[in-house]
Structures are given as C-alpha cells and as structure tokens.
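Analysis of the macromolecular model
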Amino acid sequence: MVDSRSDADASSRGGTSERVIGLSVLRKEDLPLLTGRSCFVDDLNRPDALHAAILRSPRAAARIASIDASAALAEPGVVDVITSADLPQPVARIPMRMYPLPGMELLLQPPLADGVVRYSGEPVAVVIAESRYAAEDVFDLIDIVYEPHEAVLDPGLALDPRSPLLHPEAGSNLAGEIRIAWGDVEAAFAEADLTVRERLSCQRHGAVPLEPRGLLAELEPRSGRLTVWGAAKVVHTNRRILARLLGLPEDQVRLVELDVGGGFGGRGEFYPEDFLIPFCAVRHGRPVAWTEDREENLRALNHSREQTHDVELALRSDGTLLAMRDRFTMNTGAYVRTHGSVVPGMTAALLPGPYAWRAYECVAHQVVTNKTPAGTYRAPGRYEANFIRERMIDIAARRLDRDPADLRRQNLIGPELMPYSVGTHTDGHPVVFDSGDYPLLLDKGLACFGYEEMLRWRTENPGPGRRRGVGVGYFVEKSGIARWEYARVGVGSDGGTIVHVGSASVGQGVDTVLAQVCAETLGVPYDAVTVRHGDTDSVPEGMGAFGSRASMLGGSAIARAAEALRARLLELAAERLEASPGDLTIEGDRVIVRGSPAVGVPLGELAASTHAGAALSRGEDPGLEEEAYFDSPDMAFPYGLHCVALEADVDTGAVEIHRYAVTYDVGRAINPKLVEGQIVGGVAQGFGGALLEEFAYDETGQLVAGSFMDYLMPTAGEMPNVRVEITEDAPTPLNPLGVKGAGEGGTAAAGAVIANALSDALGNEAKTLPLTPERVVELARERRAA
Amino acid sequence: MNNRKVSIEINGRTYDREIEPRLLLSDFIRHEAGLTGTHVGCEHGVCGACTVQLDGEPVRSCLTLAVQAEGHSLRTVEDLAQEDGTLHPLQQAFHECHGLQCGFCTPGFLMSLEPLLAEARDFDEREIREALAGNLCRCTGYQNIVASVRLAAARMAGSGADETEPKEPE
C-alpha cells in the first residue's frame, strides 16, 4: 500500500536530472551488514586494550559503609578497581542536555555511586583487567558493605511527606512539576452533560535495542588526544559533556559513531559509562573497551513510560468535547538523566491530540523513586498520552452510545484552522500544529483498515470463549526538536559527491535518505553520493538523531548546501563552456549544455580546477564544497490513525491480531519503503508495550525482568502484518522538503488501539497496560461478574 | 584453569588455539578467529543474534563452549556470499525487501534460515514465521523479513522465481 511517486509527479518538479526523492531506492547501508563486514563497537579491537566490567549495586536503596577492593586487585590480570573515591573530587554529576526544570540539578547522577546507592544496577565500581573474563571474575572479591534502607518505588507514595527522601539535599522526591492550563475548565465541566473520570496507567518499559551499548576509548600518547568509539545519537553534544567532565578542551576529544544497532531514544544519551570508560583510558594510558551484557543493559539503559493519570473529560450529550483535566505522575527513577523533563513535558503538551477542545488543564509530577532512571523511548510521552486520551474517548463514546470513529470525526480540528495553536508548550515553546487535514486522514485510515468490513467481522460468532473487538486511535506526533542541523556537500576530483552531516544513524537508513535528498537537489546520481556522519573530527557541528529529526533537519541542511553547490558548479562550468549558467544542467557526472549533452565538463574536472594551486593562481577561493545550517524554530506535526481488529480468548487471555492498519501523513516521504519500515517496526514496539513488555520490580526494588526470558519482546510468532498507508496531504511549510519526521508514528498509538479493541472485545474497560494474559482473563472475569 | 588446545574449522579454515575451557564459542569466533560478523545480543540463548551453523545446523554460539566445537565445522555469515561478492539469494532478498534496519540481528537470521531454504521449496507465511520465531529483531517488526524469506525461497525453488516481486502482506 505504499505510494511511490509517479514519474509524472517527479518530472513536474524539474530542474535537476535525478529525481530520487519519493522513490524507494535500495539502502546504501545494507551490504556490510548482510555480509558480516559491518563494524559495531564491540567489533573494534585496539592493540594492548584493557577491558572494563562495571560492578553494579545489588540493592535498590542503601548506604555504602565501605568498599575493600584489595583482594580483587591482587588477582592476576586485574589492573585497577575504580570507585567514587578515585574520581576527581568533588565528583561531577552528569548534566541535562534538554528541558531542565528548576531544582533538577540536585537530582543528577554521579558516574559512580558516592556513598549511597539509589537503584539496583547503579554503578559502584569499575574493574579494569586484561580481559573481560578476568574483570568479571573478581566481582565477588570486592567487599562492599551495604546498609540497606527502605526502597521507595511508588511515585504516589514517594510524594507522601513521611516517605524517605532519595536526595535529602533536594528536600523532596518531586523532581519537577509542569502545569499547563488554558480556557475555562471549571465552566466547561459545569456546562457538561457527561463527565468521564478514570485512573489510567502505562507501565515501565523501554527501548532495548538489540545491540548492547559499548565503548572503546584510547588516549593518543603523543598528542594527548582522546578518541572514543561507540558514540551514538548526539555525538557532538556528548563530546561537549565529556570534555567538560574530564577537564579537557573540546578539541582534545574525538567521538566516533560506528554501526549502531538500534537507538529508539535509549541509546546515545550520556550515561555514567560514557564518562567512566574514557576516564579509565586517560588514567591508564591504554585503550579501554567495555560492552554491556544484556542483564546490565536492562538495568542500566533508560527505562521509560511509567505514568499514572487521573483524567476527566467533559462532553455535551451531542458528543462535543468540551474540556480535559488531567493530573499525572511520571516515575523518573532514581536520578534525573540527560532528558530533564522531556517525557512528562511531551505528555502534557500533546495530550490534547487532534481535537478542538474548549479548555485544557494538566498538572504533571515527575517523581524520583528507587528504580532505574527513566528517559525517552520512541514517541516519548506521547505513547502514554495517546493511550490516556484515546482510551477516554472510547469510554465516552460507549457512554453516549456513539461509534468511536464518528465521535472522533465530530471533534477533529478542521483543516481550515491550520496552523492551529494548541495552547500548550514544550520547554516554554508553544505547540502549533503546522499543517494537516485530520478529517481526510480519518477517512483514508478507516478505508485502509476496512472499518465497515471489520465491524461486520466483529459481529460474527468466533466460537466459545472467544471475543472480537475493533479499536481506532488518532494521534498527532511531533518531529524535529532542537531546531537546527549542519551539513557540508562537496565534489571530489573523482566526480563523487560527499556529504558530511550532523545527523546520526541509529540503524534507520539515514545515509540512504540523506543521499536521496542530496542527489535530487544537486542533480547527481544517487549512487554517486556518499554520506558521512558521526565523527567529530570530520563534522564540526551537529545535533544528531532524536525526535524524528534526521531526515527533516539534516535533509533540509543538505538541500540548502546542495543548492549552493549546484549554483557554484554551474557557474564554474559556465566559464569553461563560455555559456550562461542558466543554460547548463548536471547530468550524471557532468555539467552539460541543456539540449546539447555532448557539450559539457566532468564534475571531477571542475573539482580539480578548484584545488588550491589552481584556484589561488586565478585569484579564487579554493575548494568545491558548500556548508549550510538549517534552522527551524518550530516543530512539525505528522498525524495518523491506528486501527486494529483482534480476538481474545477469555480463558487463556491470548490475544490474536486479525488486522492492523496505520495511516500516517508524513508531509513528504523521501523513501516510502523506509518510512513503511519505520512504521511497521514502530508498531512492533508499541505492540510489545501494549501486550508484553514490562520492567517489573519486586517490593524490594529488584528488577525481576532482567533477562529476555522475563522481558518479553515480540517475536515473528506474535507480530501481525501491518497495512501501511503513507499519505502526503499536508507537507510542512516549515522546511523546503515539506518533510515531517516519520520515526515514531508506528509506536505512538499502538497501546491506545490495542487497549481500545480489547475493551470492545471484552465489554470491560482496560485501564492499565500491558494487557498481559492475566489482565485479559481478569477483565473478562470482571465482566462476567458484573 | 588449565587451557585446552582446540582445532576448530570455521568457513573452511582451521583455527588452532589454546583456550580456557569456559570460553564461549561466540567469543572464540569473534575474538580468536576475528570473525565479528557474528553478533552477541543477550548471551543467554534467547535473541538468536549469535546463531552460526555447526556441521550445517544452526546453533546459538553464546550457549556453546568453544571446546565443544573441537573437530566440528562451523559456518558464519562471512561465508554466505560468494568469493566474487555475489550475495546469497537470502542476503539479496533481505536487501531488496528492506528486511533489515540496524542489521545487528541480521547475521543470526541469515544463518538460522539458510539451512531451511536449502530445501528449495516454497514456504507459507506460517512456516516462515515459525522458522523466524527463535530470532529477535527490534527494528523491522518482521514483516519485511518474512517477505525476504518468501522471495529468496521462491528464487531458490526456481519457481519462475527470479521475476518474483516482493509480496505485499496479506
């Protein structure tokens, strides 16, 4: 169902000889990955490298009375055991890179626990040895005396004044509060014919990329420069943080991104290890390598999504949505990490969704507890918000005896109201929906799904103990935060085009998409374009890959640089060919005279003519390279619909997806096949969050889902096929490509629709994710009892 | 710990090494033989990223000790393509069907599936999904992996096949 742009469409854009934007060209990234020639960080070896293993707290809440590593240090092959006392004093905390709230600076994590452990899995010591095996061998020889105290796990209880404080110096377990209110909420509720009030919650789960994190750090002895391989996502930002924490000038620190095995919001943030491993390399003057194992990964990488909402809707009896009032807690775990208040901020800002409310009020409480710290995970804050809002609308529809799709249609923001100011803000920045035809997408989405057909399917008898349900969920996503990106495009003397860009790859195919933008804008073949990123030595600046920004902002910066380069190439060729630049174009690897392809000059020759010697002798600036920044002060908002038809077994709790469809307007799809891949893969993660995945804890604060036997991710056995329709009805006016980010829409509403369909099937409202077999059976049993 | 001498054949080449008996086969392949195309995703036998073939059968190299492979013949992802670089039909199909994103799990999928495809017949979706169910992929949602297997199977079965277009899901 992926639309590929027709030739007629493509040719109408004109101006260049290569039209590849909108085509599903094959990926540039694939060949090394398919043949084992890829290089993930653990694949990299340096001579004489030491290996690090990180000893983590087995306790969720304890004072460290003493640490004695002498027995471990006496073992063969063990080089060093580093604890907090070995770090530069006072121990620096890992800073926030986004959305800080006042007071959060008191809740930041030190790289190693300094006297107190606040979650199970917190790094306490680093063992450096000649091999990873030798390093782990001595864990048991490090004598640590913990004085445990009561763990605070529930955010509601954590705010009780009688609860112990995780960070006494902060004076409270409340990490931050966000309040958003506009319109007359009280009046709307007073005027309402129907109010619906529920407590709904979403469980702790997270990114869990398949490649564990790893780092390799090496100090170059002659220059004293430090290189760190294994960076990801926000390479330049992390260089800045690392340089500051190590007390080195930024120029002395080089971060390099290798192949990256999935990010999804979790990987690439600055974690304790991102300081510890380089610190050890500097301390010992030898390369130090570290790769986490899966158990570490599940306890150490940011968790996400744990929110509980008390939410109320006010409606008229004719179905008009009047107001929403919400008060929620987000469990941020033991420390505030790099994301600051991004997650609850996104929830509060985008909870209103695609509907035209009269009034809205939200109070968000971000709370510290003795669990792994939390951060972003694909569609952060919005997966939760969509679950809350779309669940509530279904509950209201049932009370009003209305078709849920129809009730949504009645309340959508009309296209005539675009751009639409939602009245909310993220990090102080107003949320303004840039473009969209929400009713049109609803119609397209229901048609793609076959809504009427599925409603008929739902009424068929599925047999004893089986129940069928249908659910829809509408969502507005956001894309392209942190506004700007850097790109440089140049032509080499072999005629090839090289792009350097500040975007990053987390495995999503960014090289391919950005090469398409460059090829089309510059007018050269896709195959002639090479995209480079992720090395702070060759790319001076960059913001990276998060929040569905790489194509949108990286692409726009590349388009701008490529346009300038094209003009320069035509100018240079015009002199050579004694023609006007307006009469020239680029075809293949040459600049030619339009209509006379035999008359032309190879790009490589133009590049050679700009080498310093030649260019300077003509009194010109050398080089054939153009640099550009793209700055977009506002986010773009893609939007879409998820629909699902499913069947539940009331005795076993098994849920079988009959049909799943996603319709998503991304403004413009640079590579439809890759967008489709993002959506389907995103659905798989949302599906896992809806039915399977949970970072469950016991009452002492131990993570009981610390392996893949317990943390269940979808396999090919459970995952349904997904119908995908990509629409391009509302290109954003905010960038020259019209592109909105596409990375998160597949995940965004999956929890919402699966819960809606299961509620429909069971005749009982699901209020908590994940809908495990036990919960499904329980919902069915409650219904029977009622 | 007394080291043991082992002689293990990987991709037609014999590696003679003296190793600790506890060394995982995955670590032997990656660190002793330097074949880093085999990836380690969980080290407890669930994710399947480390799958290699031991005497032609897929095994989890993270659940196997290197000493257990003594005298056996191993095959890893590096051996799938031909020497001239021509991709195995399964690799080619993954490329054409967008069957991989980050690619970390991909070698495990390829090594798990390749013996199945050697049966040179068509497979229905249920059979393919069953064959895939021992490997985790966090990126693709499996849909395009299923399509890749279908395309490769059709081509290898020679059922008119080279022209087979990647199928849209039903």
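For the structure, check the block above.
Here's a quick rundown of the structure. (Residues numbered from 1 in each chain as written. Chains lettered and ligands numbered in written order. Predicted model: local features only at pLDDT ≥ 70, side-chain atom pairs only at ≥ 80, totals over all residues. Heavy atoms only, no water.)

Description of the overall build of chain A
The number of helices and strands found in chain A is 22 helices and 30 strands. Taking 786 residues into account, the globule formula puts the C-alpha radius of gyration at 28 Å, and chain A, at 28 Å, falls close to it. Projecting the C-alpha coordinates of chain A onto the three principal axes gives extents of approximately 90 × 70 × 50 Å. Looking at chain A as a whole, 65% of its 786 residues are labelled buried. For chain A, the share of sequence-separated contacts (at least 6 apart) that also reach a separation of at least 24 residues comes to 80%. Accessible surface, chain A as shown: approximately 26200 Å² in total, 50% of it carbon and sulfur. (Helix = DSSP H or I, 4+ residues; strand = E, 2+ residues; numbered from the N terminus. Rg over C-alpha atoms; globule rule 2.2 N^0.38 Å. Buried < 20%, exposed > 50% of the residue type's maximum accessible area, 1.4 Å probe, protein only. Contact = heavy atoms within 4.5 Å. Areas by Shrake-Rupley, 256 points an atom, 1.4 Å probe, with all protein chains shown as cover.)

So, the interface of chain B and chain A
Across the boundary between the two partners, chain B contributes 50 residues, which contact 55 residues of chain A. Here chain B packs against chain A, burying approximately 4300 Å² in sum over the two surfaces, 55% of which is carbon and sulfur. Remark: the boundary between chain B and chain A carries four salt bridges. Residue assignment for the side of chain B that touches chain A shows that the elements contributing at least two residues are helix H1 (25-32), helix H2 (89-96), helix H3 (106-117), helix H4 (125-132) and helix H5 (143-157) of chain B. Looking at the side of chain B that touches chain A element by element, the count peaks at four residues for H2 of chain B. (Buried area = accessible area lost by both parts, 1.4 Å probe. Salt bridge = Lys/Arg side-chain N within 4 Å of Asp/Glu carboxyl O.)

What to know about the sheet that holds strand S27 (residues 625-631) of chain A
Residues and elements named next belong to chain A. Taken in spatial order, the four strands of this open sheet run S23-S22-S21-S27, and their pairing is mixed. Looking at strand neighbours, the two that pair on one side only are strand S23 (529-533) and S27, the edges of this open sheet. Each strand axis lies, on average, 20 degrees off the axis of its neighbour in the sheet, ignoring direction. The sheet contact formed by strand S21 (residues 484-491) and S27 spans seven bridges and is antiparallel. When the sheet's bridge partners are listed, Ala487 is paired in S27 with Ala628. In this fold helix H15 (residues 510-522) packs onto S21, strand S22 (497-501) and S23, with an angle of close to 130 degrees to the strand it touches most, S23. (Pairing = 2+ DSSP bridges. Axes fitted to C-alpha atoms, helices over the stretch in contact; angles between N-to-C directions.)

Quick notes on the packing of H2 of chain B against H5 of chain B
Residue and element names in this part refer to chain B. At their nearest, the axes of H2 and H5 sit 8 Å apart, and the two run at 135 degrees to each other. If you check the angle between H2 and H5, you find them oblique. H2 and H5 meet at a crossing whose hand is right-handed. In this structure, H2 uses Pro89, Leu90, Gln92, Ala93, Phe94 and Glu96 to contact H5, whose residues at the interface are Ile145, Ser148, Val149, Leu151, Ala152, Arg155 and Met156. Here the contact of H2 with H5 is built from residues that sort into nine nonpolar, two polar and two charged. (Parallel < 35°, antiparallel > 145°, perpendicular 65-115°, else oblique. Left-handed = near helix turned anticlockwise from the far one by under 90°. Nonpolar A, V, L, I, M, F, W, Y, C, P; charged D, E, K, R; others polar.)

Looking at the side chain of Asn238 of chain A
All names here are of chain A. Residue placement: Asn238 occurs in helix H7 (residues 235-246). When its relative accessible area of 4% is taken as the criterion, Asn238 is described as buried. Among residues more than four places away in sequence, those in contact with Asn238 are Ala232, Leu255, Gly268, Glu269 and Phe270.

Section: H4 of chain B
Residues and elements named next belong to chain B. Along H4, the positions that sit buried rather than exposed are Glu125, Ile128, Arg129 and Leu132. Seen from one end, H4 has its buried residues packed into an arc of 95 degrees, which puts them on one side. Residues of H4 that are exposed and angled more than 90 degrees away from the buried face: Arg126 and Glu130. Residue Asp124 occupies the N-cap position of H4, its side-chain oxygen lying 3.2 Å from the main-chain nitrogen of Arg126. (Arc of directions from axis to C-beta. Polar contact = N/O pair within 3.5 Å; in protein donor to acceptor, adjacent residues only side chain to side chain.)

Observations regarding the sheet that holds strand S2 (residues 62-68) of chain A
Residues and elements named next belong to chain A. In spatial order, the strands read S4-S2-S6; together these three strands make up an open sheet with antiparallel pairing. In the strand order of this sheet, the two ends are held by strand S4 (116-117) and strand S6 (143-148), each with one partner. In terms of strand pairing, S2 meets S4 through two bridges, oriented antiparallel. In the strand pairing of S4, Ala62 is matched with Val117.

Points about empty space enclosed by the protein
Residue and element names in this part refer to chain A. Using the criterion set out here, one finds nine cavities of 30 Å³ or more in the structure. Put simply, the largest cavity is a space of about 690 Å³. Forming the walls of the largest cavity are 46 residues, and the residues nearest its centre are Gln508, Ser548, Arg549, Gln678 and Gly743. Within the residue set of the lining of the largest cavity, elements represented by two or more residues are helix H10 (342-350), H15, helix H16 (550-577) and helix H19 (672-691). Grouping the constituent residues of the lining of the largest cavity by class yields 22 nonpolar, 15 polar and nine charged. Roughly 170 Å³ of internal volume is contained in the second largest cavity. Forming the walls of the second largest cavity are 19 residues, and the residues nearest its centre are Arg213, Gly214, Leu215, Gly230 and Arg267. Listing elements by their share of the lining of the second largest cavity, those giving two or more residues are strand S10 (214-220) and helix H8 (272-284). Taken together, the residues that form the lining of the second largest cavity break down as eight nonpolar, four polar and seven charged. (1 Å grid on protein atoms, 1.4 Å probe; cavity = no way out; pocket = protein on both sides within 12 Å on 5 of 7 lines; lining within 4 Å. Points joined across faces, edges and corners; volume = space filled by probe spheres on them.)

What about the packing of helix H11 (residues 382-400) of chain A against helix H21 (residues 750-762) of chain A?
Residue and element names in this part refer to chain A. Put simply, H11 and H21 touch, their axes get as near as 7 Å, and they point 30 degrees apart. For the element pair H11 / H21, the angle class is roughly parallel. Taken as a pair, H11 and H21 cross one another with a handedness that is right-handed. Taking contact as the criterion, the partners of Tyr383, Asn386, Phe387, Glu390, Arg391, Asp394 and Arg398 in H11 are, on H21, Ala750, Gly751, Ala752, Ala755, Asn756, Ser759 and Asp760.

Focus on the pattern of salt bridges
A pair can form between side chains of opposite charge whenever their charged atoms are brought close. Residues and elements named next belong to chain A. In total, this model carries 75 salt bridges over all chains according to the counting rule given. The partner of Arg299 in a salt bridge is Glu295, with the nearest N and O atoms 3.0 Å apart. Of this pair, Arg299 and Glu295 both sit in helix H9 (residues 294-300), separated by four residues, roughly a single helical turn. Exposure remark for Arg299: the relative accessible area of 11% places this residue in the buried category. Note on Glu295: relative accessible area 36%, which makes it partly exposed. Ionic pairing is found between Asp434 and Lys740, a salt bridge with its closest N-O pair at 3.8 Å. Note that Asp434 is positioned in the loop between strand S19 (429-433) and helix H13 (438-449) and Lys740 in the loop between strand S30 (723-727) and helix H20 (745-748), a separation of 306 residues in sequence. By the burial criterion, Asp434 is buried, and Lys740 matches it. Through salt bridges with shared partners, one network takes in Arg56, Arg132, Glu136, Arg213, Glu273, Glu292 and Glu296.

Some words on the layout of surface pockets
As a volume, the largest pocket reaches approximately 1000 Å³. Every residue lining the largest pocket is counted, 41 residues in all, and those nearest its centre are Arg132 and Tyr133 of chain A together with Asp27, His31 and Glu43 of chain B. Among the secondary structure elements, those contributing two or more residues to the lining of the largest pocket are strand S1 (50-56), helix H4 (132-137), S10 and strand S13 (288-291) of chain A together with strand S2 (13-19) and H1 of chain B. Classifying every residue of the lining of the largest pocket gives 16 nonpolar, eight polar and 17 charged. Its volume calculated, the second largest pocket comes out at about 830 Å³. Lining the second largest pocket we find 27 residues, and of these Glu656, Ile657, Gly717, Glu718 and Met719 of chain A sit closest to its centre. Mapped by element, the contributors of at least two residues to the lining of the second largest pocket are strand S29 (655-665) and H19 of chain A together with H4 of chain B. Top element by residues in the lining of the second largest pocket is S29 of chain A. It accounts for six residues. The class makeup of the residues in the lining of the second largest pocket is 12 nonpolar, five polar and 10 charged.

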